Amino acid sequence: MQILAGVHSGALIAQYLVVAGGGGGALFGGGGGGGGFRTASNILLTSGATYTITVGAGGAAATARTSNGSNGSNSEISGTGITTLTSAGGGGGGSSLSGVAGSSGGSGGGGNAQNAPVTGGAGNTPSTSPSQGNNGGDGLSVPAAGGGGGGASSVGGNGIDLGSGNGQGGAGGAGSTFLAATCSGGGGGCGEAAGGAGGAGGSGGGGAGSKQAANATAGTVNTGGGGGGARNEANVGDAGAGGSGVVIIDAGTIAASTTGSPTLVGTKYTFTASGSITF
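Given the structure is predicted, the values throughout are model-derived calculations rather than measurements.

Draft legend 1. Structural view of the overall build of the protein. When helices and strands are counted, the protein shows 0 helices and 15 strands. Relative to the globule expectation of 19 Å for 279 residues, the C-alpha radius of gyration of the protein, 19 Å, shows essentially globular dimensions. Dimensions of the protein, computed from the C-alpha atoms along their principal axes, are close to 65 × 30 × 25 Å. Every one of the 279 residues in the protein was classed for burial, and the buried ones make up 57%. Taking the intrachain contacts of the protein between residues at least 6 apart in sequence as the baseline, contacts between residues at least 24 apart amount to 53%. Carbon together with sulfur atoms contributes 52% to the accessible area of the protein, which is approximately 9,600 Å² in total. Once the 5 positive and 7 negative side-chain charges of the protein are each reduced to a mean point, those two points are 3 Å apart.

Quick look at the structure:
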C-alpha cells in the first residue's frame with residue numbers, strides 16, 4: 001500500500017518520481033529507449049534540509065549511419081539523510097553502420113535495420129530494484145525495419161516483415177505512470193518501402209519512427225521519451241532526439257524555498273529543469 005506524503009514523527013514523508021532523459025533515435029535503425037523511471041513513496045526527508053534536483057537532457061539523434069543515437073542524461077535527487085536516487089538516461093537507437101547493438105540505458109535503444117548486430121540494447125542498466133526500464137526490440141535486415149526502444153513498463157517491439165519488401169518498425173515500449181505523470185516511453189523504429197511504416201512511439205512521450213525519406217518524431221520534452229528512428233532514404237530524413245526528463249516530489253506540505261522554478265499543484269512540485277527544494 002502506498003504511504004501518503006505528510007509529516008511523520010518530526011520528519012516529512014515524501015513521494016517522488018525521477019525520470020532521466022530519453023535516448024536519441026538512429027538512422028536506418030532503432031528508436032531511443034525511454035529514460036530510467038524510478039519512484040519512491042515513503043522517503044523520510046529532514047525539515048530545513050535542502051535537496052538537489054537534477055533533470056537530465058534528452059539524447060541527441062544520430063546524424064550519421066556510423067553512430068548510434070546518443071544516450072539521455074541522468075536525473076537524480078540527493079540531499080541530507082537519503083540515498084541519492086539516480087535514474088539512468090535512455091539508450092540510443094542502433095544505426096545501420098555503427099557495428100554495435102542498440103545502446104544500453106535506463107531502457108535500451110532499439111536495434112538497427114540493416115547490418116548485424118540488429119539486437120536491441122539492454123534496459124535497467126545499471127541494475128536497480130525495482131527495475132527502471134526494459135530492453136529495446138530487435139531490428140530486421142531484410143526488409144529493413146528498426147527495433148523500438150524499450151519503455152518503463154514494457155520491452156520495445158521487434159521490426160516486422162510485412163512481406164513484398166515492406167518492413168514495419170517495432171513500436172516503442174510503453175511508459176509508466178506515477179504521481180499522475182506518464183513518462184519514459186520508447187521511440188519507434190524505422191520502416192521501409194511504400195507499404196511499410198515507422199513504429200509507433202510508446203505511451204509516455206516516445207517519438208514515432210519514420211519510413212523512406214520522412215523525419216522521425218522527437219521524444220516529448222519532460223517525459224523522458226525516446227526519439228524515433230528514421231529510414232533516411234538517400235540520406236534524407238532525420239531521426240528524433242530524446243525528450244528531457246522530469247523530477248516530481250510531494251512531501252505533503254509547501255516548501256520553504258525552491259530554485260529552478262518548479263510548478264506547484266497542491267503540494268506536488270514538478271521540476272522540468274534542475275534546481276533545489278528546502279522544506
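Draft legend 2. Highlighting the pattern of salt bridges. Counted under the stated rule, the structure contains 2 salt bridges. Salt-bridge contacts for glutamate 192 lead to arginine 231; the nearest nitrogen and oxygen are separated by 3.2 Å. Of this pair, glutamate 192 sits in the loop between β10 (181-183) and β11 (246-250) while arginine 231 is found in the loop between β10 and β11, placing the two residues 39 residues apart along the sequence. Overall, the relative accessible area of 18% leaves glutamate 192 in the buried class. The salt bridge partner of arginine 231 is glutamate 233, with a shortest N-O separation of 2.9 Å. According to the relative accessible area criterion, arginine 231 is buried, its value standing at 8%. A single network of salt bridges, built from pairs that share partners, joins Glu192, Arg231 and Glu233.

Draft legend 3. Structural context of the side chain of arginine 231. Side chain to side chain, arginine 231 and glutamate 192 meet in a polar contact 3.2 Å long. At a separation of 2.9 Å, a polar atom in the side chain of arginine 231 contacts the side chain of glutamate 233. Once residues within four sequence positions are removed from consideration, arginine 231 is found in contact with Phe28, Arg65, Cys190, Gly191, Glu192, Ser210, Lys211 and Gln212.

Draft legend 4. Local environment of the side chain of serine 103. Position of serine 103 among the secondary structure elements: in the loop between β6 (85-87) and β7 (160-163). Assessed through its relative accessible area of 18%, serine 103 is described here as buried. Ignoring anything within four residues of it in the chain, the contact list for serine 103 reads Asn68, Gly69, Asn71, Gly91, Gly92, Gly108, Gly109 and Gly121.

Draft legend 5. Representation of the environment of glycine 245 in the model. Position of glycine 245 relative to the elements: it lies in the loop between β10 and β11. What makes glycine 245 buried here is its relative accessible area of 0%. Separated by 230 residues in sequence, glycine 245 and glutamine 15 place their C-alpha atoms 17 Å apart. For glycine 245, the contacting residues outside a window of four places in its chain are Val19, Ala20, Gly21, Val55, Gly56, Ser75, Asn222 and Gly224.

What counts and how
- Residues numbered from 1 in each chain as written.
- Predicted model: local features only at pLDDT ≥ 70, side-chain atom pairs only at ≥ 80, totals over all residues.
- Heavy atoms only, no water.
- Helix = DSSP H or I, 4+ residues; strand = E, 2+ residues; numbered from the N terminus.
- Rg over C-alpha atoms; globule rule 2.2 N^0.38 Å.
- Buried < 20%, exposed > 50% of the residue type's maximum accessible area, 1.4 Å probe, protein only.
- Contact = heavy atoms within 4.5 Å.
- Areas by Shrake-Rupley, 256 points an atom, 1.4 Å probe, with all protein chains shown as cover.
- Lys, Arg positive; Asp, Glu negative; His and termini not counted.
- Charge placed at Lys NZ, Arg CZ, Asp CG, Glu CD.
- Salt bridge = Lys/Arg side-chain N within 4 Å of Asp/Glu carboxyl O.
- Polar contact = N/O pair within 3.5 Å; in protein donor to acceptor, adjacent residues only side chain to side chain.

Interpretation note: all reported values are geometric properties and have no functional meaning in isolation.
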